[in-house]
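Each chain is listed here by its residues.
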Amino acid sequence: MKIMEDYYYTKNHEWVKVDGDTAIVGVSDYAQHAMGQIVYVELPEIDDEFAKEDAFSVVESVKAASDIYMPVGGTVVEINEDLEDEPESINADPYSNFICKIELADKTEIDNLMNAEEYNDFCKE
Amino acid sequence: MEQSKRTALYDTHKKYNGNIVDFAGFELPLYYESILEEHNAVRKNAGMFDVSHMGEVTVKGEEAEKYIQNLVTNDISVITDNGVMYALMCYENGGVVDDLLVYKYTDTDYLLVINASNIEKDFNWMVEQKGSFNVEVKNISDDIAEVALQGPKAQEILQKLTDTDLSSITFFRFNENVIVNNNKCIVSRTGYTGEDGFEIYTSLENIVNIWEEIMEAGKDDGLKPAGLGCRDTLRFEVALPLYGNEIDKDITPLEASLGYFVKLDTDFIGKDVLVKQKEQGLSRKLVGIELLGKGIARHGYDILSPEGEKIGVVTTGYQSPSVGKTVALGLIDMDYTKMGTDVNVRIRKKQVPAKVVSKKFYKKNYSK
């Protein structure tokens, strides 16, 4: 399972990369592997506001639709439109093929997430 | 809670990296590599499925034909020896008990093949319906293992392993004495994928050897082990029904568009209701649906009129791998069943536009 060192993770296998006041959000390698081939991604819209743990996206495999939850609260400033044509790119590289970028509502929420080492241990359970 | 059962091929599935899930109380692989790869392998070359979880019931005796005729919707009196027929069993109210295959050895000796999810229920029903028919009904599901080898290369692959001329087993016929690598098997040209192929029944002791022999024989032909995931996408693309989706105790065969397999000139349990339905017209029917907007329509999603009123439900839906479209089967109010009718599918918060289309999403490639 690939894990990025400087990212933060949730128990639902979402990742966050912080970049100043903005953050990039996606699903982890563990998640894409568990879901199997991804065939559709429902993206949020620019300016959508979400609180931490709100469902903001849906990632669909052949068999099922999975809700994706915000690791931290914020407002959507960019969405990865490439996922509309090539949803399977998440399987190929779940870390560079993010779902969206947000403006953080409260940076301290990051403190409640798992870091790479903690997430690694969590996945092993 | 009942313990999960395993087929005789469980260790083999682990060996081939099967991703095991629970299905009808059995631990079976959803996929080995991926649903899409296995789906495409079946359409292009061949795939092999462990279907040992299916149920088998023998029906023997003087009145076997009469008994089965009363039990199922189709006219089994026209099956010739070594023929197979698809049929449905109905309750008195016309709802479906199960769909099944009827294998005829002779008119006093039959094998019925039923869905894994319904074995106990079906067998109890069959015993209940024995009444005064001179017939013996036995559940031999636990003693039979089965694999399905499906795809354009299925015959080529299997032929390497047997002296029986497989081309002599034509569509919906079977041979009960096919020796596959020293193992005796029942082989029928039947399947659940819309491709040419065979279903191979044998003893529990033989099945692992047969699986491995077939895998070896097909290794240069693109043969892949195939799991439950693609079993569902394949049958869906050719509109074959799945019990629990397109048919169940609250859906009649006529509503499920299976009227071809209902012979109202024969007598069977539930016939009266179906005759009435035919005379009065159906209030709802199974149709094909094609999504015109973004999203995937899945089992259980609501189907709405363009005004937003609920008019039905999706029974099965996928992004169809072989067709390249997002399509679904849905049971909807009769008023909306005409081809080309506009409907909406509720996908989470959105109402996605769709239209009624032919259920023949993908053209079957049976060898006839």
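Draft legend 1. Focus on unusual backbone geometry. The phi dihedral of A:H13 is positive, around 70°, even though this residue is not glycine. By the element assignment, A:H13 lies in the loop between β1 (8-9) and β2 (14-19). For A:H13, a relative accessible area of 12% translates into the label buried. A positive phi is found at B:S257, a non-glycine position, where the angle reads about 65°. Inspection of the secondary structure puts B:S257 in the loop between α7 (228-237) and α8 (271-280). Classification of B:S257 as partly exposed rests on a relative accessible area of 24%.

Draft legend 2. Main features of the interface of chain B and chain A. Contacts between the two partners involve 16 residues from chain B and, on the opposite side, 13 residues from chain A. Taking both sides of the interface into account, the surface hidden between chain B and chain A amounts to around 1,300 Å²; carbon and sulfur atoms contribute 49%. Together, B:L36, B:R298 and B:R348 form the three largest contributors to the area buried by chain B at its contact with chain A, with a combined 38%. Summed over the shared surface of chain B and chain A, the number is five salt bridges.

Draft legend 3. Region of interest: the pairing of strand β7 (residues 65-69) of chain A. All names here are of chain A. Taken together, the five bridges between strand β6 (residues 55-61) and β7 define a ladder with antiparallel strand orientation. Looking at β7, one finds that V58 is bridged to D67. Hairpin connection, β6 to β7: the antiparallel pair is bridged by three residues.

Draft legend 4. Structural view of the pairing of strand β14 (residues 284-291) of chain B. Residues and elements named next belong to chain B. When you tally the buried positions in β14, you get six out of eight residues, the bulk of the element. Of the strand pairs in this sheet, β14 and strand β17 (residues 326-333) are connected by seven bridges, and their pairing is antiparallel. Bridge pairing in β17 places G288 opposite L329. In this structure, β14 lies alongside strand β19 (residues 350-357), joined through four bridges in antiparallel fashion. Each bridged residue has a counterpart across the sheet, and for G288 the counterpart in β19 is V357.

Draft legend 5. Molecular detail of the sheet that holds strand β7 (residues 109-114) of chain B. Residues and elements named next belong to chain B. Read from one edge of the open sheet, five strands run β5-β6-β7-β4-β8, paired in antiparallel fashion. The open sheet has two edge strands, β5 (83-90) and β8 (136-139), and neither has a second partner. Strand-to-strand twist in this sheet, taken as the mean axis angle between neighbours without regard to direction, amounts to 25°. Relative to β7, strand β6 (residues 96-106) runs antiparallel, the two sharing six bridges. The partner of Y103 across the bridge, within β7, is L111. Here helix α4 (residues 119-128) sits on the sheet in contact with β4 (55-60), β5, β6, β7 and β8, set at roughly 170° to β8.

Draft legend 6. View of the pattern of salt bridges. This structure, assessed with the given rule, holds 24 salt bridges over all chains. One salt bridge connects A:E42 with B:R348, and the closest N-O pair in it is separated by 2.8 Å. You can see A:E42 sitting in strand β4 (residues 38-42) and its partner B:R348 sitting in the loop between β18 (342-347) and β19, one on each of two chains. By relative accessible area, which is 27% here, B:R348 ends up partly exposed. Of the charged contacts, one joins B:R348 and A:E60 as a salt bridge, the two residues approaching to 3.2 Å between their closest N and O atoms. Residue B:R348 is found in the loop between β18 and β19, and its partner A:E60 is found in strand β6; the two belong to separate chains. Through salt bridges with shared partners, one network takes in A:E42, A:E60, B:R298 and B:R348.

Draft legend 7. Summary view of the environment of A:K11. Residue and element names in this part refer to chain A. Tracing the sequence through the fold places K11 in the loop between β1 and β2. Judged by its relative accessible area of 61%, K11 is exposed. Remark: the alpha-carbon pair of K11 and P71, spanning 60 residues in sequence, is separated by 9.3 Å. When residues no more than four places from it in sequence are discounted, the contact partners of K11 are M114 and F122.

The rules we used
- Residues numbered from 1 in each chain as written.
- Chains lettered and ligands numbered in written order.
- Predicted model: local features only at pLDDT ≥ 70, side-chain atom pairs only at ≥ 80, totals over all residues.
- Heavy atoms only, no water.
- Helix = DSSP H or I, 4+ residues; strand = E, 2+ residues; numbered from the N terminus.
- Buried < 20%, exposed > 50% of the residue type's maximum accessible area, 1.4 Å probe, protein only.
- Contact = heavy atoms within 4.5 Å.
- Buried area = accessible area lost by both parts, 1.4 Å probe.
- Salt bridge = Lys/Arg side-chain N within 4 Å of Asp/Glu carboxyl O.
- Pairing = 2+ DSSP bridges.
- Axes fitted to C-alpha atoms, helices over the stretch in contact; angles between N-to-C directions.

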